[in-house]
Amino acid sequence: MNRPLHVQPDRVVSTVCPYCGVGCRVDLYIKNEKIYRVMAQEGPPNYGALCVKGRFGLGFLHHPDRLTAPLIRREKGGELEPATWDEALSFATERLAQIAREHGPDALYFVSSAKASNEENYLMQKLARAAAGTHNVDHCARLCHSSSTAALSRSLGSAAMSNTIEEIPLSDVILVTGSNTVETHPVIGAMIKKAARNGAYLIVVDPRRVGLAEVADLWLRLRPGTDPVLFGAMARYLIETGRHDRRFVNRRAEGFDAWWESVKEYTLEHAESVTGVPAAKIREAAERYAAAGAAATYWAMGMTQHNHGTENVQALVNLAVLTGQLGKPGAGLNPLRGQNNVQGAGDMGALPNVYPGYQPTASAEVRQRWADTWGAPQPETPGVTMTQAFESIGRPGGIHAVYLMGEDPITSEPYQEHVRAALEKLDFLIVQDILKNETFPYADVVLPAASFAEKHGTFTNTDRRVQLIQPVFDPPGEARPDWWILAEAGRRLSLLTGQSNPDTWEYSGPDAIWDELRRNIPEMFGGIDHARLAREDLRWPCPSKTSPGVSVLFTDRFYTDTGRAKLMPAPWRPPAEQPGDDYPLVLSTGRVLYHWHGGVLSRRSALSKAYPEMKVEVNPADAERYHIADGKPVMVISRRGSIQATAWVTDRAPEGVVFAPIHFAEQSANRLTKNTYDPTSKIPEYKFAAVRLEPLDPAEAAAEI
Ligand SMILES: Nc1nc2c(c(=O)[nH]1)N[C@H]1C(S)=C(S)[C@@H](COP(=O)(O)OP(=O)(O)OC[C@H]3O[C@@H](n4cnc5c(=O)[nH]c(N)nc54)[C@H](O)[C@@H]3O)O[C@H]1N2
Ligand SMILES: Nc1nc2c(c(=O)[nH]1)N[C@H]1C(S)=C(S)[C@@H](COP(=O)(O)OP(=O)(O)OC[C@H]3O[C@@H](n4cnc5c(=O)[nH]c(N)nc54)[C@H](O)[C@@H]3O)O[C@H]1N2
Ligand code: SF4
Ligand SMILES: [Mo]
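On a predicted model such as this, the values are computed, not experimentally measured, just so you know.

Side note on the overall build of the protein chain
So, step 1. When helices and strands are counted, the protein chain shows 26 helices and 28 strands.
So, step 2. What you see for the protein chain is a C-alpha radius of gyration of 25 Å, in line with the 27 Å of a compact globule of 705 residues.
So, step 3. Dimensions of the protein chain along its principal axes, counting C-alpha atoms only, are 65 × 65 × 65 Å.
So, step 4. By sequence separation, contacts in the protein chain at least 24 residues apart represent 74% of the contacts at least 6 residues apart.
So, step 5. Looking at the protein chain as shown, the accessible area adds up to about 24400 Å², and 50% of this sits on carbon and sulfur atoms.
So, step 6. Computed over 75 positive and 83 negative side-chain charges, the separation of the two mean positions in the protein chain equals 4 Å.

Quick look at the structure:
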């Protein structure tokens, strides 16, 4: 995509990278209506840096698989046929209204998108709550940081990053756990590496030898799925030796006794036996973390995607509270958010239990406020999570219709055969996307959406920075911005259900949508509007026009009912499916630098050439045991399915663990994973399943070895 520097651009447009939660600011250089160069901007959050996805990953914008016309499947079993917008929207909303009449509004499910803007996420949850009359709305955070949200909300009253990435140079100790930062948040990974070079003490907790493990001062290579014991033991040791922050605990925390009772058995020796990490290393990590003037904790999916994901994060919360590593610059609890606008999708209330601004649906007062805003009575029945919704399809009282915006469950939900069967049982499916993703063939209505480069709106990055995007191109064919589609769908559905006032769906543009949500959440967004964002990025909370936004949360109080942080027990529960005779290895799934999720975007760009095939990491000892040769095809087999991939024999993976990337839809790692969930957050256990390996051609593989 990059051409020589002497090419004169027709125009240069400033916007935000659509891939990850770092939210890098980019300048797109355009010639003949194509992007020929992407340059980083010098200011925050990326300070002149970009990764390969921002630089070379935008080719999907012009791919022939872009959706350019609405499509309708008029009868089950029939073909998807082109339709006008009017036909498609009428058909879609009439079917939704009919199913709501037959089975009740809670038979509908609305999946919002962390790839879409704040304004669009706001409208999707409004569509569910105001036009359809259900709290059944969610987004991919359910598969991602829902465990973080569960633990952080109940303990601290806010689930966003407590500090900012600009503070990385201020940290004396940086603890990174369950995050392959160098590949998944590359610009932040580089900032952490630089801080370590400048003297910060870097502790990495990860079973795999990931990029940061290579440069860490201390690498704790724990057995997968054992984190609560590791972090519980660190905290217990600090209390026992009087190294915790007694003053902070007395003044700002509660729940100590119940928590202490819960870690009684977590001695360093016990932790060594469960986690496989030598007791001396656990002690060293604990001492360094507690003694630091400022210690920051960063984490991602290695913590959250377990059947004890909430306990994993709770154990981190407990450790930070006990050592007073909160409410000061360079410290804090910092979940690295994955999608470009996943922070925003949550802020906008695209969740079954909260309205925009995290106002609880359980509160009658809150419900009344939104009922007044939308002119729509608000349902009392709680919503269900996206994972529960998919599990319920085809069961009595389950979901009958799903409206998907920018989500690809066939590649992203666990246990693909199970998801496939569920989608086949659905009465009605709407797919609103920019591309033909893997779920597209199951759609009854397809609504073609404009991409990030074809619309106005805002994204909120991982450290609460709200950023304006702007159109670079016209949408292809008949494609329209998600906000336009949702507003039209909302108005039509309101007329059919009689739920909300159809006039509340008239918006002149994304700025008008933003103003509606801002008025209703003044403490978070009162001071942020599109005009101000055109001049500067702003971080929430930003309550007034003169506020610059708040960087460090919790400086004087936590956002809980008592203002104190709540310590809570975080008992360990082993993963649901343990390796055994037939399936002796642990499967861990995740990401590589070059690709994005099921590959819908990245594999339709130049990145596909840079990383063309699926490689699974196999430890040399396991390779020998199971006759697997480096670079040769291998079958990865679980109780639920099998895939073929190329073996990469490497000690990046520890003995007993196979790592499979999730990016190759035709060899989807989710054919292997299983649909077991954390009981609190309902997150799938993507980071632990039992598998075995078989060489594809045993004779050939044996000859190689
Ligand atoms: N290139 C690229 N970047 C991305 C994405 C992408 O698809 N591609 N997706 C984005 C999204 S949505 C997200 S959520 C983030 C995810 O970002 P990450 O969470 O960094 O990505 P994963 O590859 O899932 O990595 C999880 C890490 O946890 C480790 N791990 C596995 N099991 C355990 C365990 O039991 N304990 C501990 N402590 N560690 C464990 C793995 O070895 C791995 O290093 O990435 C974002 N950025
Ligand atoms: N085994 C395993 N499975 C996992 C994970 C794992 O670690 N292991 N990680 C999980 C995590 S953390 C996540 S976040 C999920 C991600 O799962 P998904 O959210 O399903 O993944 P994406 O491929 O990012 O899907 C986004 C969809 O949005 C579309 N899109 C992009 N931009 C726009 C837009 O502007 N408008 C509209 N309407 N659509 C748009 C894309 O074309 C694509 O179809 O996967 C989860 N699944
Ligand atoms: S670090 Fe994230 S936001 Fe920045 S260029 Fe890479 S993918 Fe885009
Ligand atoms: Mo994610």
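Quick word on the site of ligand 3
So, step 1. Taken together, Cys17, Tyr19, Cys20, Val22, Gly23, Cys24, Leu50, Cys51, Lys53, Gly54, Pro186 and Val187 make up the full set of residues adjacent to ligand 3.
So, step 2. With respect to the pocket detection grid, ligand 3 is positioned in the second largest cavity.
So, step 3. If you list the elements that add at least two residues to the shell around ligand 3, you get helix H1 (52-56) and helix H6 (186-197).
So, step 4. Tallied by class, residues from the shell around ligand 3 come to nine nonpolar, two polar and one charged.

Notes on the environment of leucine 28
So, step 1. Here leucine 28 lies in strand E2 (residues 25-31).
So, step 2. The sequence separation of leucine 28 and alanine 453 amounts to 425 residues, and the corresponding C-alpha distance is 9.7 Å.
So, step 3. Look past the residues within four positions of leucine 28 in its chain and what remains in contact with it is Arg11, Val12, Val13, Thr15, Ile35, Arg37, Val38, Leu58 and Val472.

Observations regarding the packing of helix H8 (residues 227-240) against helix H14 (residues 309-322)
So, step 1. At a minimum axis distance of 8 Å, the contact between H8 and H14 shows a crossing angle of 20°. For the element pair H8 / H14, the angle class is roughly parallel. Note that H8 runs across H14; the crossing there is left-handed. Contacts from Asp227, Pro228, Phe231, Met234, Ala235, Leu238 and Ile239 in H8 reach Glu311, Asn312, Ala315, Leu316, Leu319 and Leu322 in H14.
So, step 2. In the contact of H8 with H14, the residues fall into ten nonpolar, one polar and two charged.

Thoughts on the sheet that holds strand E4 (residues 71-73)
By way of backbone hydrogen bonds, the strands of a sheet pair with one another, either parallel or antiparallel.
So, step 1. Pairing is mixed in the open sheet, where seven strands are placed in the order E5-E4-E18-E17-E16-E6-E7. The strands lining the two open edges of the sheet, one partner per strand, are strand E5 (80-82) and strand E7 (137-138).
So, step 2. Bridging between strand E6 (residues 108-111) and E7 involves two bridges; their strand directions are parallel. Bridge assignment links valine 111 to a residue of E7, and that residue is aspartate 138.

A few points about the pairing of strand E23 (residues 585-590)
So, step 1. Across the six residues that make up E23, a large majority, six, are buried.
So, step 2. Residues of E23 alternate between two faces, with Leu585, Leu587 and Thr589 on one and Val586, Ser588 and Gly590 on the opposite face, all of them buried.
So, step 3. Where E23 and strand E28 (residues 689-695) come together, three bridges link them in antiparallel fashion. Following the sheet pairing, valine 586 is matched in E28 by alanine 690.
So, step 4. Summarising the sheet, E23 and strand E27 (residues 657-661) pair through five bridges and their orientation is parallel. Counterpart to threonine 589 in the pairing with E27 is alanine 660.

Let's talk about the side chain of serine 112
So, step 1. Assignment of secondary structure puts serine 112 in the loop between E6 and helix H3 (118-132).
So, step 2. Classification of serine 112 by relative accessible area gives buried; the value is 0%.
So, step 3. At a separation of 2.6 Å, a polar atom in the side chain of serine 112 contacts the side chain of asparagine 121.
So, step 4. Setting aside residues no more than four positions away along its own chain, serine 112 makes contact with Asn121, Met124, Asp138, His139, Ala350 and Met405.

Observations regarding the site of ligand 1
So, step 1. Near ligand 1, the surroundings consist of 34 residues, among which Thr184, Asp206, Gly225, Arg591 and His595 are the closest.
So, step 2. The contact in question runs from a nitrogen atom of ligand 1 to an N or O atom on the side chain of aspartate 227, over 2.8 Å.
So, step 3. Contact between ligand 1 and histidine 597: an oxygen atom at 3.0 Å from a main-chain N or O atom of the residue.
So, step 4. Of all the secondary structure elements, the ones that give two or more residues to the shell around ligand 1 are helix H5 (181-184), helix H13 (301-304) and E23.
So, step 5. Among the residues forming the shell around ligand 1, the class breakdown is eleven nonpolar, 16 polar and seven charged.
So, step 6. Residues lining the shell around ligand 1 come from more than one domain, with at least three contributed by each of domain 3 (146-335) and domain 4 (585-704).

Details of the layout of surface pockets
So, step 1. In this structure, the largest pocket encloses a volume near 1200 Å³.
So, step 2. Taken together, 45 residues make up the lining of the largest pocket; nearest its centre are Ser153, Gly157, Ser158, Val354 and Tyr358.
So, step 3. Breaking the lining of the largest pocket down by element, the ones donating at least two residues are helix H4 (146-156), helix H15 (342-347), strand E15 (359-360) and helix H22 (522-525).
So, step 4. What lines the second largest pocket is a set of 20 residues, and nearest its centre among them are Ile168, Pro169, Met191, Lys194 and Ala195.
So, step 5. Broken down by class, the residue content of the lining of the second largest pocket amounts to 13 nonpolar, four polar and three charged.

Notes on the domain arrangement of the protein chain
So, step 1. You can read the domains of the protein chain as domain 1 (11-56), domain 2 (71-143 + 340-539), domain 3 (146-335) and domain 4 (585-704).
So, step 2. Centre-to-centre, using C-alpha coordinates, domain 2 lies 33 Å away from domain 4.
So, step 3. Facing the 20 residues of domain 2 at the interface are 19 residues of domain 4.
So, step 4. Between domain 2 and domain 4 lies a buried interface of about 1700 Å² when both sides are counted; carbon and sulfur atoms form 58% of it.
So, step 5. Broken down residue by residue, the surface that domain 2 buries against domain 4 is led by Pro414, Tyr415 and Gln416, which jointly contribute 30%.
So, step 6. If you look at where domain 2 meets domain 4, you find zero salt bridges.
So, step 7. Where domain 2 meets domain 4, there are 13 residue pairs in polar contact (both at pLDDT 80 or more).

Quick word on unusual backbone geometry
So, step 1. Going from proline 44 to proline 45, the amide bond is cis rather than trans, its omega being 5°.
So, step 2. Within the secondary structure, proline 45 sits in the loop between strand E3 (34-40) and H1.
So, step 3. Its identity as a non-glycine residue notwithstanding, asparagine 32 has a phi of 50°, on the positive side.
So, step 4. As for its position among the elements, asparagine 32 is in the loop between E2 and E3.
So, step 5. Notably, histidine 597 is not glycine yet its phi reads approximately 40°, a positive angle.

About the thresholds
Residues numbered from 1 in each chain as written. Chains lettered and ligands numbered in written order. Predicted model: local features only at pLDDT ≥ 70, side-chain atom pairs only at ≥ 80, totals over all residues. Heavy atoms only, no water. Helix = DSSP H or I, 4+ residues; strand = E, 2+ residues; numbered from the N terminus. Rg over C-alpha atoms; globule rule 2.2 N^0.38 Å. Contact = heavy atoms within 4.5 Å. Areas by Shrake-Rupley, 256 points an atom, 1.4 Å probe, with all protein chains shown as cover. Lys, Arg positive; Asp, Glu negative; His and termini not counted. Charge placed at Lys NZ, Arg CZ, Asp CG, Glu CD. Near = heavy atom within 4 Å. 1 Å grid on protein atoms, 1.4 Å probe; cavity = no way out; pocket = protein on both sides within 12 Å on 5 of 7 lines; lining within 4 Å. Sits in = over half its atoms within 2 Å of the grid points. Nonpolar A, V, L, I, M, F, W, Y, C, P; charged D, E, K, R; others polar. Axes fitted to C-alpha atoms, helices over the stretch in contact; angles between N-to-C directions. Parallel < 35°, antiparallel > 145°, perpendicular 65-115°, else oblique. Left-handed = near helix turned anticlockwise from the far one by under 90°. Pairing = 2+ DSSP bridges. Buried < 20%, exposed > 50% of the residue type's maximum accessible area, 1.4 Å probe, protein only. Polar contact = N/O pair within 3.5 Å; in protein donor to acceptor, adjacent residues only side chain to side chain. Domains from an automatic or database assignment. Points joined across faces, edges and corners; volume = space filled by probe spheres on them. Buried area = accessible area lost by both parts, 1.4 Å probe. Salt bridge = Lys/Arg side-chain N within 4 Å of Asp/Glu carboxyl O.

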